[in-house]
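Listed here are the chains, written in short residue letters.
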Amino acid sequence: TVHPLYAAPPAPAAVPPGMALVPIEPTPGIITTGTVALMKASDSDLDATREEIAATYRAMIAAAGDKQ
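Throughout what follows, the structure given in this document is the object of discussion. Computed from a predicted model, the values in this text were never measured in an experiment. (Residues numbered from 1 in each chain as written. Predicted model: local features only at pLDDT ≥ 70, side-chain atom pairs only at ≥ 80, totals over all residues. Heavy atoms only, no water.)

Counting through the fold element by element, Ile-53 comes out in helix H2 (residues 50–64). Taking C-alpha positions, Ile-53 is 6.7 Å from Leu-38, a pair spaced 15 residues apart along the chain. (Helix = DSSP H or I, 4+ residues; strand = E, 2+ residues; numbered from the N terminus.)

What follows is the structure, given as structure tokens:
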């Protein structure tokens, strides 16, 4: 006899405000988006500031929602 583990399927995990579920490993599209955002934010120099890195991170999180 098979006994179900749950009476109903578990509810999906809630994502707290200000957080996002993203892939554990970035996809090629996420990496490309981050690279482009960093180059734009830092005027193509590689000595990025905290604000430039934050802008890059936000662009990568936004790209993580895309199906690639």
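Still to come is the rest of the account.
What follows concerns H2. The terminal C-alpha atoms of H2, which comprises 15 residues, lie 21 Å apart, in line with the 21 Å expected from a rise of 1.5 Å per residue. All of the buried residues in H2 are Glu-52, Thr-56, Ala-59, Ala-63 and Ala-64. Down the axis of H2, the sector holding all buried residues measures 145°, keeping them to one side. Set apart from the buried face of H2 by more than 90 degrees, the exposed residues are Arg-50, Glu-51, Tyr-57, Arg-58 and Ala-62. Check the buried side of H2 and you find it contacts helix H1 (28–41). (Expected span 1.5 Å × (residues − 1). Buried < 20%, exposed > 50% of the residue type's maximum accessible area, 1.4 Å probe, protein only. Arc of directions from axis to C-beta. Contact = heavy atoms within 4.5 Å.)

This part is about the environment of Ile-61. Structurally, Ile-61 can be placed in helix H2. Residues Ile-61 and Met-19 lie 42 residues apart in sequence; the distance between their C-alpha atoms is 9.8 Å. For Ile-61, the residues in contact, after removing those within four places along its chain, are Ala-20 and Val-22.

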